[in-house]
Amino acid sequence: MLHLAGQDSRTLARRAGISLEDARRITGAVIGRGAPLRDARNVRRSVLDEVDALATPGELRLLEAVDARDGFRKYLFELPDGLRVETVRIPLYDTHHVVCLSSQAGCALGCAFCATAKLGLDRSLRSWEMVAQLLAVRADSQRPITGVVFMGQGEPFLNYDEVLAAAYALCDPAGARIDARRISISTAGVVPMIRRYTAEGHKFRLCISLNAAMPWKRRALMPVEQGFPLDELVEAIREHAALRGRVTLEYVMISGVNVGEEDAAALGRLLAGIPVRLNPIAVNDASGRYRPPDEDEWNAFRDALARELPGTPVVRRYSGGQDEHAACGMLASRRRGD
Ligand code: SF4
């Protein structure tokens, strides 16, 4: 019945032709409490039958959950067609969790530093398959889940409608009740969808994976640069910042590749006058091809960024869960039998 969890209560009411009140009660049961549809309280049996008839069966099967030494927990799920995706639970301040969801099984974008890229794309996930990841992690957790990031396997903006549907289901006050401002959607830079997202005025936080400020360098790390070049991407970032506020830029740091003085200077030129927040994170490359910067390299890069981008918040993200391959760029589940 979890496919009902793929939509917010307004959408459910519209699609099922039921009252918003009933839709909220059903959402409260299925998403809010993770209960079966039949457990929705104060909804007439005939309404439940109607909704039940619209639903197609489907469930996510938890195959495995492993804990990393630093408290990150990685889950492996099997989708109804046998494909597999991974989800990561990230501990925050010993009091709550953030969950990193996968939006596709595999990924087509081929970023050079990313394990998911090696899988290629199998398919995009339905919205309920994303919400179901959250519900399964929540059922396994003692602490509340107060944030969601669409930063797991896949490119969310190549599965735009389903990701947005899942995000609205997750922030529905009748359901999972996650503050929309604590839901982040990350893209490698699919410019037309960034523009669409900006124009539509969604309230979730937009994150863009930048990783290099020189086109040739970015192209080598992220083939998406060929289709959506840096100058167009920066214009889309400028537009979003002007209309919706500060954009978060993720920056995967690779020793000897993109953390030099010249990289900081290029970032300064590229982003001059645009309100952004820069989140550098050390690369996690299980193949060993790319190494993270050491402390000296990081300190020099951080100081250069402070000079080149004065006033821009630079917040290094912790790269956790590495011993269990739960860190950014390390999610590489396979389909059954591989
Ligand atoms: S970093 Fe993200 S967009 Fe790039 S290949 Fe990996 S999953 Fe896809």
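Just so you know, these numbers come straight off a predicted model, no measurement behind them.

Any details on the packing of helix H10 (residues 261-271) against helix H11 (residues 295-308)? Residues and values, ideally.
Packed helix pairs are specified by the crossing angle of their axes together with the interaxial distance, meaning the distance between the axes. H11 packs onto H10 with a crossing angle of 30° between their chain directions and a minimal axis gap of 9 Å. Classified by the angle their axes make, H10 and H11 are roughly parallel. Remark: the crossing between H10 and H11 carries right-handed chirality. For the pair H10 and H11, contact is made by Glu261, Asp263, Ala264, Ala265, Leu267 and Gly268 and by Phe301, Ala304, Leu305, Arg307 and Glu308, respectively.

Tell me about the packing of aromatic side chains, residues and numbers included.
Applying the stated criterion across every chain yields a total of six aromatic pairs. Arranged with centres 5.4 Å apart and planes meeting at 55°, the rings of Phe157 and Tyr160 form a pair that is tilted. Just as Phe157 is buried, Tyr160 falls in that class too. Ring centres 5.5 Å apart and planes at 40° place the aromatic pair Phe157 and Tyr197 in the tilted group. Of this pair, Phe157 sits in the loop between strand S7 (145-150) and helix H5 (160-171) while Tyr197 sits in helix H6 (residues 191-200), and the two are 40 residues apart along the sequence. What makes Phe157 buried here is its relative accessible area of 1%. Following the ring pairs from residue to residue traces out a cluster consisting of Phe157, Tyr160 and Tyr197. The aromatic ring of Trp298 is capped on one face by Arg316, whose charged end is 4.9 Å from the ring centroid.

An account of the nonpolar core is needed here, citing residue identities and associated values.
Grouped together as the largest cluster of nonpolar side chains are 70 residues, with contacts concentrated most on Leu134, Phe150 and Leu267. Of the residues forming this core, the biggest block, eight residues, is contributed by H5. Apart from the residues lying within four places of it in its own chain, the contact partners of Leu267 are Leu210, Ala213, Tyr251, Leu278, Phe301, Leu305 and Leu309.

Please provide a residue-by-residue account of the environment of Leu206, values included.
Tracing the backbone through its elements, the reader meets Leu206 in strand S9 (residues 205-209). As a C-alpha pair, Leu206 and Ile237 span 31 residues in sequence and 9.6 Å in three-dimensional space. Once residues lying within four places of it in the same chain are set aside, the contact partners of Leu206 are Phe157, Ile185, Thr187, Ile194, Tyr197, His240, Val247 and Thr248.

If you had to explain the pairing of S9 to someone new, which residues and values would you point to?
The buried fraction of S9 amounts to four of the five residues, a majority that puts the element mostly inside the structure. Looking at chain direction, strand S8 (residues 183-187) and S9 are connected through four bridges and run parallel. Each bridged residue has a counterpart across the sheet, and for Ser184 the counterpart in S9 is Arg205. For the crossover that starts at S8, traverses H6 and ends in the parallel S9, the hand is right-handed.

Any chance you could break down unusual backbone geometry for me, citing the residues and the numbers?
In this model, Arg177 sits at a positive phi of 55°, which is unusual for a non-glycine residue. Within the secondary structure, Arg177 sits in the loop between H5 and S8. Positioned with a positive phi, Asn211 is a non-glycine residue whose angle comes to about 70°. Residue classification places Asn211 among the buried positions, given a relative accessible area of 0%.

Could you give me a rundown of the pairing of strand S4 (residues 96-100), with the residues and numbers involved?
S4 sits mainly inside the fold: five of its five residues count as buried. Where strand S3 (residues 84-92) and S4 come together, five bridges link them in antiparallel fashion. Bridge assignment links Pro91 to a residue of S4, and that residue is His97. Where S3 folds back on S4, the antiparallel hairpin that results is connected by three residues, among which Tyr93 adopts a positive phi of roughly 50°. Where S4 and S7 come together, four bridges link them in parallel fashion. What sits directly across from Cys100, in S7, is Val149.

Break down helix H4 (residues 127-139) for me, with residues and values.
With 13 residues, H4 should cover 18 Å at 1.5 Å per step; its first-to-last C-alpha distance of 19 Å lies within 8% of that length. For H4, the tally of buried residues reaches ten of 13 residues, placing the bulk of the element in the interior. Taken together, the buried positions of H4 are occupied by Ser127, Trp128, Glu129, Met130, Val131, Ala132, Gln133, Leu134, Leu135 and Val137.

So what's going on with the domain arrangement of the protein chain? Which residues, and what values?
How big an interface is tends to be stated in terms of the accessible area lost upon association of its parts. Segmentation of the protein chain into domains returns domain 1 (3-54) and domain 2 (66-324). A separation of 32 Å is found between the C-alpha centroids of domain 1 and domain 2. With 14 residues of domain 1 at the contact, the number on the domain 2 side is 13 residues. Taken together, the two surfaces of domain 1 and domain 2 that pack against each other cover about 920 Å², and 61% of this comes from carbon and sulfur. One can count zero salt bridges joining domain 1 with domain 2. Per-element tally for the side of domain 1 that touches domain 2: the top contributor is helix H2 (residues 20-32), with six residues. Tallied by class, residues from the side of domain 1 that touches domain 2 come to three nonpolar, eight polar and three charged.

Run through the site of the ligand, naming residues and quoting values.
Contacts to the ligand come from Cys107, Leu109, Gly110, Cys111, Cys114, Ala117, Gly154 and Ala188. Classifying every residue of the shell around the ligand gives six nonpolar, two polar and no charged.

What counts, and at which threshold
Residues numbered from 1 in each chain as written. Predicted model: local features only at pLDDT ≥ 70, side-chain atom pairs only at ≥ 80, totals over all residues. Heavy atoms only, no water. Axes fitted to C-alpha atoms, helices over the stretch in contact; angles between N-to-C directions. Helix = DSSP H or I, 4+ residues; strand = E, 2+ residues; numbered from the N terminus. Parallel < 35°, antiparallel > 145°, perpendicular 65-115°, else oblique. Left-handed = near helix turned anticlockwise from the far one by under 90°. Contact = heavy atoms within 4.5 Å. Phe/Tyr/Trp six-rings, centres within 6.5 Å; stacked < 30°, edge-to-face > 60°. Buried < 20%, exposed > 50% of the residue type's maximum accessible area, 1.4 Å probe, protein only. Lys NZ or Arg CZ within 6 Å of the ring centre and 35° of its normal. Core = buried A, V, L, I, M, F, W, Y, C linked by side-chain atoms within 4.5 Å. Pairing = 2+ DSSP bridges. Right-handed = clockwise from strand over helix to strand, strands pointing away. Expected span 1.5 Å × (residues − 1). Domains from an automatic or database assignment. Buried area = accessible area lost by both parts, 1.4 Å probe. Salt bridge = Lys/Arg side-chain N within 4 Å of Asp/Glu carboxyl O. Nonpolar A, V, L, I, M, F, W, Y, C, P; charged D, E, K, R; others polar. Near = heavy atom within 4 Å.

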